Amino acid sequence: MLSIVFGVLGAVCLVNIRTVPAALLLAVTGFIFAGINIFIDAKYEIHDRKFPLGYIGMILSSLPVLFLLAFIFLRR
C-alpha cells in the first residue's frame, strides 16, 4: 500500500514544475516499497490477487521519471 501512496503523491507533485524534485524523491521511495512488496509476494508465493499492488505502485512511481525524461527530450 505504501508504494501506491508514494506513487500517487509523486504523480500529484507533477502538477507544478517546481515540485518535480519532490516528485522524484517520492518516486524513489515508491520504487523501494514496490520492490519490497514484489519480492515478498514472489518469495512467499502470495497469489491472492490477479494483479499485485506492487506493480501498480511501480507504475505510479515511474510517472515522475517518465515525465522528466519526456521534458528533457521534447524540450530540445
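Data block above holds the structure.
Residues numbered from 1 in each chain as written. Predicted model: local features only at pLDDT ≥ 70, side-chain atom pairs only at ≥ 80, totals over all residues. Heavy atoms only, no water.

A word on the packing of helix 2 (residues 20-43) against helix 3 (residues 53-75). Relative orientation of the contacting elements helix 2 and helix 3 amounts to 155 degrees, with a least axis distance of 8 Å. Relative to helix 3, the element helix 2 is oriented roughly antiparallel. Handedness of the crossing formed by helix 2 with helix 3: left-handed. On helix 3, the residues touching V20, A23, L24, A27, G30, F31, A34, G35, N37 and I38 of helix 2 are L53, G54, Y55, G57, M58, S61, S62, P64, V65, F67 and L68. Each residue belonging to the contact of helix 2 with helix 3 can be placed in one class, and the counts come to 14 nonpolar, seven polar and no charged. (Axes fitted to C-alpha atoms, helices over the stretch in contact; angles between N-to-C directions. Helix = DSSP H or I, 4+ residues; strand = E, 2+ residues; numbered from the N terminus. Parallel < 35°, antiparallel > 145°, perpendicular 65-115°, else oblique. Left-handed = near helix turned anticlockwise from the far one by under 90°. Contact = heavy atoms within 4.5 Å. Nonpolar A, V, L, I, M, F, W, Y, C, P; charged D, E, K, R; others polar.)

With that settled, consider helix 3. Taking 1.5 Å per residue, 23 residues should reach 33 Å; helix 3 reaches 34 Å between its end C-alpha atoms and fits that length. Along helix 3, the largest kink reaches about 30 degrees and is centred on L63; proline P64 follows within four residues of it. Listed in full, the buried residues belonging to helix 3 are L53, G54, G57, S61, S62 and P64. Buried-residue contacts for helix 3 involve helix 1 (2-12) and helix 2. (Expected span 1.5 Å × (residues − 1). Bend = angle between axes of the 7 residues up to and from the residue. Buried < 20%, exposed > 50% of the residue type's maximum accessible area, 1.4 Å probe, protein only.)

Take the environment of F67 next. Examined against the element boundaries, F67 turns out to sit in helix 3. The exposure class assigned to F67 is partly exposed, which follows from its relative accessible area of 31%. Sequence separation of F67 and I40 is 27 residues, and the distance between their C-alpha atoms is 29 Å. Those residues in contact with F67 that sit more than four places away from it in its chain are L14, I17 and V20.

Just geometry here; none of it tells us what the structure is for.
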